[in-house]
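Residue-level structure breakdown
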Amino acid sequence: MTTFPKSVCVYCGSRAGGNPAYADAATTTGQMLAANGWRLVYGAGDVGLMGRVASAVQAAGGNTFGVIPTHLMAREVGKRDLDSFVITETMHERKKVMFMNADAVVVMPGGAGSLDEFFEALTWRQLGLHAKPIILLNIDGFWDPLKSLLDHVVASGFADPTLLSFVVTADDVASLESALNAAFA
């Protein structure tokens, strides 16, 4: 069994989004993960940003670990040429397997699924269930409204201000790489 220095779970859209910068960032993120020898853990899709990240990791000689539930095999085009390919019965199992096989969480632009994954990781961190870094890749300010929402939640008294310290924001892939290196040091 091969071991890796670190594994990074990337949550991102199963669509490419309307801004070409998102797809560019997905490719660059995949290249960066491979260059650092970090294993990609992700949702095993071959579409949207998910497919871009995985293909870039593979093209750069990196390692991939994908997890997909049976009901999304067709919709997300399960990418079977990964180094590790796990099929689960449910979305809950998918999220658990992805999270448990990662040392850090990166959230790229995405939709409701990416938000669900982000909030689950953040909630678990808030409850003290893990201490893994959670990094928002804020390409072209995509996550600015989310950051404002988190500020509002804290300002409204629904969370302790420490909640904000559990989330790091990186505005580009170079900053993401720096944040991961700092977290893994």
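Along each chain, residues carry numbers from 1 onward, in the same order as the chain's sequence is written. Two thresholds apply to this predicted model, a pLDDT of at least 70 for residue-level local features and 80 or more for giving and counting side-chain atom pairs, whereas whole-chain, interface and lining totals are computed over all residues. Hydrogen atoms and water are omitted, and side-chain values are computed over all heavy atoms in the structure.

1. Concerning the overall build of the chain
To qualify as a helix, a DSSP run of H or I must reach at least 4 residues; to qualify as a strand, a run of E must reach at least 2; elements of each kind are numbered from the N terminus. Secondary structure assignment for the chain yields seven helices and seven strands. Shown N-terminal to C-terminal, the secondary structure of the chain runs as helices and strands in the order β-α-β-α-β-β-α-β-α-β-α-α-β-α. Radius of gyration: C-alpha atoms only; globule rule: 2.2 Å multiplied by the number of residues to the exponent 0.38. Computed over the C-alpha atoms, the radius of gyration of the chain is 15 Å, within 12% of the 16 Å expected from 2.2 N^0.38 for a compact globule of 185 residues. Counting only C-alpha atoms, the chain reaches 45 × 35 × 35 Å along its principal axes. The buried share among the 185 residues of the chain stands at 47%. Accessible surface computed for the chain: about 8600 Å², of which carbon and sulfur atoms make up 54%. The chain carries 13 positive and 18 negative side-chain charges, and their two centres are separated by 5 Å. In this scheme, a residue with accessible area under 20% of its type's maximum is buried, one over 50% is exposed, and one in between is partly exposed, where area comes from a 1.4 Å probe on protein chains only. Note on areas: Shrake-Rupley with a 1.4 Å probe; residue coverage comes only from the protein chains shown. Residues scored as positive are Lys and Arg, those scored as negative are Asp and Glu, and His as well as the terminal groups of each chain are ignored. Taken as the charge location is NZ of Lys, CZ of Arg, CG of Asp or CD of Glu.

2. Comments concerning the packing of helix α1 (residues 20–35) against helix α7 (residues 173–184)
Where helices are involved, their axes are fitted lines through C-alpha atoms of the stretch in contact, as for all axes, and angles between N-to-C directions lie from 0 to 180°. Relative to each other, α1 and α7 sit at 35°, their axes nearing to 10 Å. In this structure, α1 meets α7 at a crossing whose hand is right-handed. For the pair formed by α1 and α7, the contact residues are Ala25, Thr28, Thr29, Met32 and Leu33 on the first element and Val173, Leu176, Glu177 and Leu180 on the second. Nonpolar residues are Ala, Val, Leu, Ile, Met, Phe, Trp, Tyr, Cys and Pro. Charged residues are Asp, Glu, Lys and Arg, and all others, Gly as well, are polar. Residues that form the contact of α1 with α7 fall into these classes: six nonpolar, two polar and one charged. Definitions for this section: a left-handed crossing has its near helix turned counterclockwise from the far helix by less than a right angle. A right-handed crossing has that turn clockwise. Contacts are assigned to residue pairs with any non-hydrogen atoms lying within 4.5 Å of each other.

3. So, the pattern of salt bridges
Basic side-chain nitrogens of Lys or Arg form a salt bridge, by our definition, when they fall within 4 Å of a carboxyl oxygen of Asp or Glu. Going through the model one piece at a time under the given rule, you end up with five salt bridges. Close ionic contact of Lys79 with Asp46 constitutes a salt bridge, the shortest N to O distance being 3.8 Å. Separated by 33 residues along the polypeptide, Lys79 in the loop between β3 (64–69) and β4 (84–88) and Asp46 in the loop between β2 (39–42) and α2 (48–59) bring together distant segments of the chain. Given the relative accessible area of 35%, Asp46 is considered partly exposed. Linking Lys79 and Asp81 is a salt bridge whose minimum nitrogen-to-oxygen distance equals 3.1 Å. A relative accessible area of 6% places Lys79 in the buried class.

4. A short note on helix α5 (residues 144–155)
Relative to the 16 Å expected for twelve residues at 1.5 Å per residue, α5 spans 16 Å between its end C-alpha atoms, a close match to the ideal helical length. Among the residues of α5, those classed as buried are Leu146, Leu150 and Val154. Down the axis, α5 shows its buried residues gathered within 80° of arc, on one side only. Of the exposed residues in α5, the ones pointing more than 90 degrees away from its buried face are Pro145 and Ala155. Buried positions along α5 lie against α4 (112–126), β6 (134–137), α6 (162–165) and β7 (167–170). A helix is expected to reach a length of 1.5 Å times the quantity of its residues less one. Think of the arc as the fan of directions from the helix axis to the C-beta atoms.

5. Brief notes about the nonpolar core
Buried Ala, Val, Leu, Ile, Met, Phe, Trp, Tyr and Cys residues that are joined via side-chain atoms within 4.5 Å together make up what is termed a nonpolar core. Core analysis: the largest hydrophobic core is formed by 35 residues, its most contacted members being Leu33, Met108, Leu137 and Leu180. Of all the secondary structure elements, the ones that give two or more residues to this core are β1 (7–11), α1, β2, α2, β5 (104–107), β6 and α7. When residues in this core are grouped by element, the largest group, seven residues, is from α1. Not counting residues up to four positions away in its chain, the partners in contact with Leu180 are Val8, Met32, Leu33, Trp38, Ala104, Val106 and Ile135. Ranked by size, the runner-up nonpolar core spans 23 residues in total, among them Tyr11, Val41, Leu146 and Leu150.

6. Digging into a nonpolar patch on the surface
Side chains of Leu115, Phe119 and Leu149 sit close together on the surface and give an oily, nonpolar patch of about 220 Å² of accessible area. Relative to the helices and strands, Phe119 resides in helix α4. Exposure above 30% relative accessible area and the lack of any salt bridge qualify a residue for a patch; like charges then connect within 9 Å, and the nonpolar side chains Val, Leu, Ile, Met, Phe, Trp and Tyr within 5 Å.

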